[in-house]
Amino acid sequence: MNNNLATMATLLQRQQQAHTQQMSVTAAQRQERIQQVINLVVEHHQQLVEAIEADFGGRSQAFSIMNDIIGSLGSLKYTRDNLTPWLESESRAVFAPYDQLGSSARVEYQPKGSVGIIGTWNAPLYTLLAPLACVLGAGNRAILKPSEVTPHTAALVAELFAKHIDPLLVSVVTGGADVGAAFSALAFDHLVFTGSTEVGKKIMAAAAENLVPVTLELGGKSPVVLSESADLAESCKRIALAKSNNGGQLCVSPDIVYVPRNKLDQAATRLLESFRQFYPQITDNPDFVPSVNRQHSQRVVDLVEQARTAGYDVRSSHEVTSLAALVAADKRLPLQLVIAPNKDAHIMQHEIFGPALVLLPYDELEQVISDINSRAKPLALYYFGEQPDELKQLLANTSSGGVSVNDCLMHAALHDAPFGGVGASGMGHYHGREGFLAFSHQRTVFVAPEHDPRGEWGLLPPHHAQFKEMMAAQVTAD
Ligand code: NAD
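Reading the values: the criteria
- For every chain, the first residue of its written sequence is number 1, and the numbers climb from 1 along that sequence.
- A pLDDT threshold of at least 70 governs which residues receive local features in this predicted model, and a stricter bar of 80 or more applies before side-chain atom pairs are shown or counted, although totals over entire chains, interfaces and linings include all residues.
- The basis for every side-chain value is the complete set of heavy atoms in the structure, and neither hydrogens nor water enter the calculation.
- For salt bridges, the criterion is a side-chain nitrogen of Lys or Arg within 4 Å of an Asp or Glu carboxyl oxygen.
- Buried, partly exposed and exposed residues are distinguished by accessible area as a fraction of the type maximum, computed with a 1.4 Å probe on protein chains only: under 20%, between the cut-offs, and over 50%, respectively.
- The helix and strand labels rest on DSSP assignments: H or I over at least four residues marks a helix, E over at least two residues marks a strand, and numbering proceeds from the N terminus.
- Any two strands with at least two DSSP-identified bridges between them are counted as paired.
- A clockwise path from the first strand over the helix to the second, with the strands pointing away from the viewer, defines a right-handed crossover.
- Residue proximity to a molecule or strand is established when one non-hydrogen atom of the residue lies within 4 Å of it.
- Polar contact is defined as a pair of N or O atoms within 3.5 Å, subject to the rule that within protein one atom must be able to donate a hydrogen and the other to accept it, and that residues adjacent in sequence are counted only when both atoms are side-chain atoms.
- Only the protein chains shown count as cover for residues, and the accessible areas themselves come from Shrake-Rupley with a 1.4 Å probe.
- By convention here, the domain bounds are inherited from an automatic or database domain assignment.
- Note on contacts: a residue pair qualifies if any of its non-hydrogen atoms lie within 4.5 Å across the two residues.
- Buried surface area refers to the total accessible area, computed with a probe of radius 1.4 Å, that the two partners give up upon joining, counted for both partners together.
- Lys, Arg, Asp and Glu make up the charged group, whereas Ala, Val, Leu, Ile, Met, Phe, Trp, Tyr, Cys and Pro make up the nonpolar group; the residues left over, Gly among them, are polar.

What follows covers the pattern of salt bridges. Taken as a whole and assessed by the stated rule, the structure comprises 18 salt bridges. A salt bridge links R92 to E90; the shortest N-O distance between them is 2.8 Å. On the basis of relative accessibility, which here comes to 44%, the residue R92 falls in the partly exposed class. Of the residues examined, E90 reaches a relative accessible area of 27% and is grouped as partly exposed. K263 serves as the salt-bridge partner of E228, at 3.2 Å between the closest nitrogen and oxygen. Within this pair, whereas E228 is found in the loop between β8 (222-226) and α9 (232-244), its partner K263 is found in the loop between β9 (254-260) and α10 (264-278), the two being separated by 35 residues in sequence.

Both faces of the sheet carry side chains from a regular strand, because those side chains alternate between them. Where burial is concerned, most of β9 is hidden: 7 out of the 7 residues are buried. With 4 bridges joining them, β8 and β9 adopt parallel strand pairing. Bridging from a neighbouring strand, P223 pairs with I256 of β9. What joins β8 to β9 is α9, and the crossover it makes is right-handed.

With respect to spatial proximity, 28 residues lie near the ligand, and among them T120, E148, S196, L218 and E351 are the closest. At 2.8 Å, a side-chain N or O of K145 approaches an oxygen atom of the ligand. Surface burial for the ligand is 89%, taken as the share of its 850 Å² of free accessible area covered by protein chains. Split by domain, the residues of the shell around the ligand number at least three in each of domain 1 (5-218 + 428-441) and domain 2 (222-414).

Further remarks concern the environment of G385. Along the chain, G385 falls in the loop between β13 (380-384) and α14 (388-397). Spatially, the C-alpha atoms of G385 and H19 are 51 Å apart, while their sequence positions differ by 366 residues. Not counting chain neighbours up to four residues away, the residues in contact with G385 comprise S227, S229, A230 and N406.

Looking now at the domain arrangement of the protein chain. Interface size, as often reported, equals the accessible area lost upon joining of the parts. Partitioning the protein chain into structural domains gives domain 1 (5-218 + 428-441) and domain 2 (222-414). On a C-alpha basis, the centroid separation for the pair domain 1 and domain 2 is 31 Å. Across the boundary between the two partners, domain 1 contributes 14 residues, which contact 18 residues of domain 2. Roughly 1200 Å² of surface becomes buried between domain 1 and domain 2 when both sides are summed, with 54% attributable to carbon and sulfur atoms. Considering only the side of domain 1, the residues that lose the most area to domain 2 are F56, W121 and N122, jointly responsible for 40% of the buried surface there. Here domain 1 and domain 2 share 0 salt bridges between them. Split into classes, the residues belonging to the side of domain 1 that touches domain 2 amount to 6 nonpolar, 6 polar and 2 charged.

In this section: unusual backbone geometry. What is expected of a backbone is that most residues other than glycine have negative phi and most peptide bonds are trans. With omega at 0°, the peptide bond leading from A96 into P97 counts as cis. Tracing the chain through its elements places P97 in the loop between β1 (90-92) and β2 (104-111). Look at the link from P461 to P462: it is a cis peptide, with omega at 0°. Tracing the backbone shows P462 in the loop between β16 (440-447) and α16 (467-472). For L409, which is not a glycine, the phi torsion comes out positive at approximately 75°. Given a relative accessible area of 14%, L409 falls into the buried group.

Next comes the structure, spelled out in structure tokens:
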């Protein structure tokens, strides 16, 4: 398909016309639309995971079923099964004395129209279909733009939607950054973007031209706070497992671990040991997801090698003669720990998004809090420990998209709670009822009483001499 601006603009216009012709979409119709997508995913899941495997050069099909197929189906089914009460209008309080005179007010939830969804490669199906679940649940139509970094998946998604779904309900356009730029300049009724903070800024600027509201699902350097009170072995096992998930290529992947100074060596050893236990061998290990391509693999190696060259302590879960050789092989890298780098190290300035972690020693929790607050607000924050006061202090004095306690990643998997970033890690939410609200217009409807009392109250013009005094008498502080 030729995805030039005019073609995409025409498609959007046709979707928006279809929306205007059927603005009211019943719960049953929304459920039936979501079911069409569920059926597509279930029927073609094998082809889809094969495409993802080809794109990554070896992401195991079982992992892709868990991450992208079950993850997407979970979002779609949750919305399908819970949306009916969300559609009900909500009665709201009316100001006195109109409330005594028979007036009423309510909030109605109206579909916005056509929503653009730009996905990324690390979860090439999930980052399209999880937002789509909420978009369809809110009664909208959608145009999807998959990432060009996973081209087999993008082409298959386009083919399957064209074959099974009415293009006026959901269409797919494919292409790279140029298509993404043209896409984000269209006058959608809402735009959802999952990707980097840098591109997120461009998306928001382009959307601003048409006053298109945006949901930005971005990334960042998510910190882990390992408390003195934590079970070190179990915590390190869980952190190593989370870090290895999708080869470290997750938006909520742990990035920096704060460790009590006296436990730094012990924690490093435990993390590396746990990683080795999960993955006794790295190269050719089908359980370990490789970097998506050589460029991304090399980017991670560059962050680590820059720290090594700068003289920092770098430790590896597996003995390696050359990380660069692993990039040239199957792009699977062992876990790299960079110990106590300064703020100017490259690995402290960029999201790692691969199998490496920074370990920072600390003496007091206040230090950790102030360090976290010195950087952009992260997408996730993790606490491992058994001290409720400490956790309370951490939560009260930091901000992040979400939090998991005594594990990583888990909060992002909840279908019944909002998922999204804050500050540089994003804006807006999807998942659950919050996703429905994000893609619905919340429209207040006021119904006036039969009798208009304003004449009797002396409020209608021409105003009498005491009008100002009457108004001023209402200016009270109680
Ligand atoms: P990216 O920003 O490079 O690309 C994402 C999408 O944007 C792709 O579809 C791409 O074609 C498109 N794009 C690129 N340049 C564009 C432009 N100028 N205008 C419009 N569109 C453009 O991100 P990436 O490298 O593919 O993904 C990695 C990032 O995504 C990481 O930062 C990660 O944390 C983040 N991420 C966030 C979430 C989340 O839910 N918060 C989930 C997954 C990944």
